[in-house]
Each structure stands twice: as C-alpha cells, then as structure tokens.
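# Secondary and tertiary structure notes
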Amino acid sequence: MMRTHEVGTLRPEHAGHEVTVAGWVASRRDHGGVVFFDLRDASGLLQVVVDPEQITDDDVHHIGREWVIQIVGEVRPRREGTVNADLPTGGVEVGARSLTVLNRAEPPPFPLSDRGDDVDEVLRLKHRYLDLRRNSMQRNLRIRSRVNAALRTSMNEQDFVEVETPMLIASTPEGARDFVVPSRFSPGEFYALPQSPQLFKQLLMVGGLDRYFQIARCLRDEDLRGNRQFEFMQYDMEMSFAGQADVMAVVTTAVSAAVEVITGEPLAFIPTMTWAEAMERFGSDKPDVRFGMELTDLGDAVAGTEFKAFHADAVKGICVPGRGDASRSVLDGLVDRAKALGAAGLVWMRVMAEGSLESPVAKFLTAEEQAAIVGALGAAPGDLVLIVAGARRRTNDVLGALRLDLGRPPVAEGGLVPLWIVDFPLFEALGDDGQPIPAHHPFTQPHPEDLALLDTASGEEFLDIRSQAYDLVINGWELGSGSVRIHDPGMQQRIFSLLGIDETEAQARFGFLLDAFRYGAPPHAGFAFGVDRLVALLAGEESIREVIAFPKTQSGADPLTGAPNRLDASQLRELGITVPPRK
Ligand code: ASP
C-alpha cells in the first residue's frame, strides 16, 4: 500500500497508530542528531521526525526539498511547547520507522512555501507544475472544481440540458477578432474558433431543446489588457418562451449555488439597477457599489454661477472622505489623469474647518455656491471634493474612473456584492461613418418602449435606444451579460441594416441563423458569464490567472509549452500556407 493516510488528516486521536504516508519534502531541518521533515501532499503538511541512527536505508541528510518520500511510522503527540497551532496537523508528528525515497528532485527554481507573489510570473508559469504545488494554487483549483460542479448541479436541477457545441465553426460575432484554424481539406479556407456558443444556442432553441446550458470554452483574439485571457470558460445558457426576468432568476439560482458551496452562504436577492442610473450615480456600467463616493449632480448648486467653466451640459462631483490633506503634487496628478480621461479639466477643493473651501477656483464662486456644493456632496471638513464639468457622458466616465482610482477596495473585501444592470443601450457609439455600433451582439432585442425610435432616430439619438440586455456585476467586475434575442427575421433584418450589414453580408455571415428563424423560432433569451471571474472572486484573487491551471502571460504566450510557435515546412505545405521567414 502506497499510503494509509493523507498527511493532512492526522490528528491527536491517531496517536499510537502506525501509518504509511507519502509526499514531497517541503522542508528539512537537521537538529542535534534527528532530522525533521515537513511532508506535503494534496491534503496539507505533516511533521515527520527521522533518527538517522535508526533509519539507515538512505542517507537522510541528502534528502532535499521536493524529493518524493514514503514514511512508515507511528503517530505521536508533539511535546509541549512544540505544538504548531497554525497547522491542522500541528498537534502531532510521525516518528519514522522506515523511509523510502520514491523519487529525487532537483532544487525548485523558486520557493513553493508561500503565496509566490514575489516570484516572477513568467518563471512561475514556465514551471507551472511546481507552482501548482503551492497552497494557494491547490486551493484555487479545488474551489474552481467545486464551483463548476455546483453550477452543473443547479442547471440540471433547473431542467436545463447540457449540450456541447462545436469548436471548429464559422465566425460568431462578439466584437473580438476570431482565432482561426486552417482547413487541410479546403486549402485557403479557415474555421473560426468560437468567441461564444451564441449562434448555436439560438439554433438549439429553434431545435426545441427549450433550456440549454454549457460550461463552454470561448476564444477571443483581443488585447490582453487587464483581466483577460484569449481562452476562457463561460457558463452559457439559453431558454425558450422566456424573457429577461426568467433568465435572471435561473442565473441567480445557479450563481447562488456556486457561492454557497464555497462560502457556506447563498447569495441573497440580487438588486437591479438601470444602466442609466448606474452611469449617473457611479459613472460605470459595472458599478462597484461596495463603497460610496457617488457622483453627485451639482447643476442646481451652481445654477446661475458666474464661473464660466461651470456653464456646461453637466457639472458633477465626488467627495473623497478624509483626503483633503492630499499634497499639491497628488492633486496635480489627479488633474492630469482627468485630462487623460478626456475631461477639459478637474476642479479640486479641500473642505476646511467650518466647511469653507480651499481651491484655486474658490474665488470665482460665491459663498452660497460653495455652501451648496458642500451640502449637495455631504462633504465634511478634511474631505476632498473633485468636480468635472462638460458633456454628461464624458463627465460621468471621468468621475467614475477617478472614483475607482481613489476609493476601490481590494476585490475580495466585504464579501460578494452582486447587481443586475438592465436596460443597456442598444448601440454603444456611432462609428466614423455615423453607423451605430451594437453594444451587445447584433441579435439583441430592442426595448419594447423604444421600438418606434428605431425608425425615427438619427445621429446621437440612436444612443438613447434601450435594449433588453442585462449584465451581472459583482464587486465592480462585469461577470457576464445576456439579452432577450430577436426571434423575428423582419426585426433582425432591420437591426442588421441599421448596423450597416447589408443583405448579402448578413446572408454570408449568418444566413443559416436567418434561415432557421424562418421555421418557427420561439421567443428566447439567454445569458453567459465568465467562470474564471466568478472563481477568482470566490478565491479572493485579483487576477484570473491565479485560478486557471495553465494560463497565458499578458503577451499571450505560454512559457511552459512555448506556444505559440512555428509550424514545420511540411505542415505548412499541406495547409497551403506561406509564412514570411523568421526575422
Ligand atoms: N454570447 C454572449 C457573450 O458571450 C452572452 C449572451 O448573450 O448569452 O457575451
């Protein structure tokens, strides 16, 4: 028998038992004749004491870190004063009767004992198999596995059918570039890898599956800014004869099950906020509502002011508690940041005793205006007030970003605070050609109250049209999004033509979906969220790379396998591909 127990399971009640344990040497300490090993396996750490006088099978003093050994010995309580309260097995040790070296190991290129934050990430990823032995990675991958299981169980309980959709497909539009795969049978032709199962899940609804889900791998060739990976896992669902509220209820149940399995507490009710309110109050479509510092409209406070800079579409401010002591260079930095974000400028004000304001612009404001600003923001002495004036959207964006810069807590602080954002705009911007650009994918159903606007809107008015799209946000992270879909081919054509996708292009790109819709598509709606992000939130990690077994670096490389790499000449020839010679 390789082992009778996993090391992390031994407790004082095992005292006197003879056990066989096996694992890696996490550390070795030589102490006056006897040698102490910390033995590690997946379950934890255990102290083993070896007396080289008795154990002569191997040269105990040569055994190094990460060697794989097996110990047969007796569990005994640790002597008083040597109990380690930080370790679950800290009350016991095993006195070795025999020691077998199962495998030797070279010294690891970085210590495996701690969190690894100070180890270069490329080095960690190059030796990921060692990095995975660390506590936090072990813990995170186990959290991940349990989250996946909970999501599956919940969806099965809710009568959803798990369907695997293909990886080699024609393009699915999600707003990123496709990864493509050359076809050997049809040289010069390519498959796209799925940016999402979107089109297939809609086809499944036409196919009468009624309720579909999948934990799906999605691939998007986009810049790896922030917390993104080229490939990621999505909890993906779609349901027929259902609308926004039905989808939100199913997703809430599934996410809550996943949260409960890790934290022991289900998610309470998830509140809903409209996109317009989120933008006005937080300057973000993924508001982090764990802290205040909300954007406050100062239009009334400065109505009729002589100060020209405040004669603007919107004048809004935030109050940063207790930061009135910020130095001049910090404040100059904030002004530069606001300008880089697109503001014409940034007004700062230090709130002094008795609520007077110290600010380069204070002399342009009357005492009443100053008092009204302080009052509207609820600012107190010692606080810092930041004000932006300009076009409303831009003003909200800039203050929203400053709010996060100055107030955002670490991602795991204060538990999970989820929020549904609803009534997203149908179009997020106008392209250079004046054509509206979809905010979600082009299959999103417009808001029933805004249908008439589709025909009458022009220019910027398009941006006021709402859609039946909704996002789930947790702690300021966009976890996922979904929408009620267009199921009427006529409406789909109308949206395509607004987006500048003409019939020929629509037929070429999504002809199969439009064809399917001619055969009785049920009304349907769906949603998808990033499993990596949910797991990171539950594990308290800022980076999703900490919860992915084999992630890519920020430049999209895998230092372990060397991907991406060149193909050899014969492979290229077979695929009919010519590549420029290596520089
Ligand atoms: N396919 C969408 C996405 O990947 C989600 C959805 O609309 O269901 O973002």
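Quick summary incoming for the structure in this document. Residue numbers here run from 1 along each chain, matching the order of that chain's written sequence. Owing to the predicted nature of the model, reporting of local features is limited to residues with pLDDT of at least 70; listing and counting of side-chain atom pairs is limited to 80 or more, with chain, interface and lining totals taken over all residues. The basis for every side-chain value is the complete set of non-hydrogen atoms in the structure, without hydrogens or water.

### Quick word on the site of the ligand
A single heavy atom is enough: if one lies within 4 Å of a molecule or strand, its residue is considered near that molecule or strand. Contacts to the ligand come from 14 residues, most closely from E174, Q198, K201, R220 and R485. For this analysis, a polar contact is any N or O atom pair within 3.5 Å, provided that within protein one partner can donate a hydrogen and the other can accept it, and provided that sequence-adjacent residues contribute only side-chain to side-chain pairs. Here an oxygen atom of the ligand sits 2.9 Å away from a polar atom, N or O, in the side chain of R220. Contact distances for the ligand include 3.0 Å between an oxygen atom and a side-chain N or O atom of H441. Per-residue and other accessible areas follow the Shrake-Rupley method at a 1.4 Å probe size, with only the shown protein chains counted as cover for residues. Notes on the ligand: free accessible area 270 Å², of which the protein chains cover 95%. Contributions of two or more residues to the shell around the ligand are made by α4 (198-206), β21 (477-484) and β22 (524-530). Working definition: helices are DSSP H or I runs of at least four residues, strands are E runs of at least two. Numbering for both runs from the N terminus. Of the residues forming the shell around the ligand, the biggest block, three residues, is contributed by β22. Residue composition of the shell around the ligand, grouped by class: two nonpolar, eight polar and four charged. Residue polarity follows a fixed list, in which Ala, Val, Leu, Ile, Met, Phe, Trp, Tyr, Cys and Pro are nonpolar, Asp, Glu, Lys and Arg are charged, and the others, Gly among them, are polar.

### Overview of the packing of helix α6 (residues 275-282) against helix α9 (residues 392-407)
Their axes nearest at 8 Å, the elements α6 and α9 cross at an angle of 65°. Listed contacts from α9 to W275, M279, E280 and F282 of α6 are R392, R393, N396, D397, G400 and R403. Axis lines are fitted through C-alpha atoms, for helices just across the contact stretch, and the angle between N-to-C directions can take any value from 0 to 180 degrees. Two residues form a contact once any of their heavy atoms are found within 4.5 Å.

### Some points on the side chain of Q158
Here Q158 shows up in the loop between α3 (135-157) and β6 (161-162). Setting aside chain neighbours within four positions, we find Q158 in contact with R211, V250, T253 and A254.

### Details of the layout of surface pockets
Considered as a void within the structure, the second largest pocket measures approximately 560 Å³ in volume. In terms of residues, the lining of the second largest pocket owes the most to one element, α3, which gives four residues. Split into classes, the residues belonging to the lining of the second largest pocket amount to eight nonpolar, eight polar and ten charged. With a 1 Å grid laid over protein atoms only, a set of points is called a cavity when a 1.4 Å probe fits there but cannot get out and a pocket when it is open yet has protein on both sides within 12 Å along at least five of seven lines; lining residues have an atom within 4 Å of a point. Grid points are joined across faces, edges and corners, and a volume is the space filled by probe spheres set on the points.

### Observations regarding the sheet that holds strand β3 (residues 44-50)
The pairing criterion for strands is at least two bridges between them, as found by DSSP. One closed barrel accounts for five strands, arranged β1-β2-β3-β5-β4; its pairing is mixed. The mean angle between the axes of side-by-side strands here comes to 55°, regardless of whether they run parallel or antiparallel. Judged from the seven bridges that link them, strand β2 (residues 34-41) and β3 form a sheet pairing that is antiparallel. Paired with V35 across the strands is V50, a residue of β3.

### Describing the environment of L125
Tracing the sequence through the fold places L125 in helix α1 (residues 121-126). When the C-alpha atoms of L125 and A22 are compared, they prove to be 26 Å apart, with 103 residues separating the residues in sequence. Those residues in contact with L125, other than ones at most four positions away along the chain, are P551, K552, T553, P559 and L560.

### Here we look at the sheet that holds strand β11 (residues 272-274)
Taken together, the eight strands give an open sheet; going across it, the order is β6-β9-β10-β22-β21-β20-β17-β11, and neighbouring strands pair in mixed fashion. With partners counted over all chains shown, the strands left at the sheet margins are β6 and β11, one partner each. Pairing analysis gives seven bridges linking strand β10 (residues 231-240) to β22, with the strands arranged antiparallel. Across the sheet, the residue bridging to M239 is A525, located in β22.

### Brief notes about empty space enclosed by the protein
Per the stated rule, a full pass over the model turns up one cavity of 30 Å³ or more. Roughly 40 Å³ of internal volume is contained in the largest cavity. Together, L426, F427, P438, A439, H440, H441, P442, F443, T444 and I495 line the largest cavity. Looking at the lining of the largest cavity, its residues break down into seven nonpolar, three polar and no charged.

### Description of the pattern of salt bridges
Any carboxyl oxygen of Asp or Glu within 4 Å of a side-chain nitrogen of Lys or Arg constitutes a salt bridge here. In this structure the tally under the stated criterion is 37 salt bridges. Between E280 and R392 there is a salt bridge, with its nearest N and O atoms 3.0 Å apart. With E280 in helix α6 and R392 in helix α9, this residue pair connects regions lying 112 residues apart in the sequence. Taking relative accessible area as the criterion, E280 reaches 26% and is therefore assigned partly exposed. A relative accessible area of 26% places R392 in the partly exposed class. Note that D297 is salt-bridged to R392, the shortest N-O span being 3.2 Å. Remark: R392 occurs in helix α9 and D297 occurs in strand β12 (residues 296-297); sequence separation between them is 95 residues. Burial here depends on accessible area, computed with a 1.4 Å probe over protein chains only, as a share of the maximum for the residue type. Under 20% is buried, over 50% is exposed, and the range in between is partly exposed.

### A short note on the side chain of T444
With respect to the helices and strands, T444 occurs in the loop between β19 (436-438) and α10 (451-456). Looking at T444, its side chain comes within polar contact range of the main-chain oxygen of H441, at 2.9 Å. Among residues more than four places away in sequence, those in contact with T444 are L426, S467, Q468, A469, S483, V484 and I486.

### A few points about the packing of helix α11 (residues 489-498) against helix α12 (residues 503-517)
Viewed as axis vectors pointing N to C, α11 and α12 meet at an angle of 160°, and their least axial separation amounts to 11 Å. Taken together, α11 and α12 sit at an angle that is classed as roughly antiparallel. The handedness of the crossing between α11 and α12 is right-handed. Counting all contacts with α11, which are made through P489, Q492, Q493 and F496, the residues of α12 involved are E503, A506, F510, L514 and F517. Of the residues contributing to the contact of α11 with α12, the split by class is six nonpolar, two polar and one charged. Working definition: roughly parallel below 35 degrees, roughly antiparallel above 145 degrees, roughly perpendicular at 65 to 115 degrees, and oblique for all remaining angles. Left-handed describes a crossing whose near helix is turned anticlockwise from the far helix by less than a right angle; the clockwise case is right-handed.

### Section: the nonpolar core
In plain words, nonpolar cores are sets of buried Ala, Val, Leu, Ile, Met, Phe, Trp, Tyr and Cys residues tied together by side-chain atoms within 4.5 Å. Of all hydrophobic cores here, the largest spans 45 residues; its most connected members are Y235, M237, V251 and F529. Ranked by residues supplied to this core, first place goes to helix α5 (residues 244-263) with eight residues. Beyond its immediate stretch of four places on either side in the chain, Y235 contacts L151, M155, Q214, V250, V251, A254, F527, A528, F529 and V531.

### Brief notes about the pairing of strand β1 (residues 18-31)
Looking along a regular strand, one sees side chains alternate from face to face of the sheet. Relative to strand β4 (residues 68-77), β1 runs antiparallel, the two being bridged by seven bridges. Residue E18 lies in a different strand from β4, and its bridge partner there is E74. Bridging between β1 and β2 involves seven bridges; their strand directions are antiparallel. Pairing of R28 across the sheet is with F37, part of β2.

### What to know about α4
Turning to α4, its buried residues number three or more, namely Q198, L199, K201, Q202, L204 and M205. Of the surrounding elements, those touching the buried residues of α4 are β9 (211-219), β10, α12 and β22. Note on α4: the residue one or two positions beyond its end, G208, has a positive phi of about 80°.

### Considerations on unusual backbone geometry
A563 connects to P564 through a cis peptide bond whose omega is -5°. If you check the backbone angles, F241 has positive phi at about 50° while not being a glycine. By the secondary structure assignment, F241 is in the loop between β10 and α5. F241 gets classed as exposed once you look at its relative accessible area, which sits at 62%.

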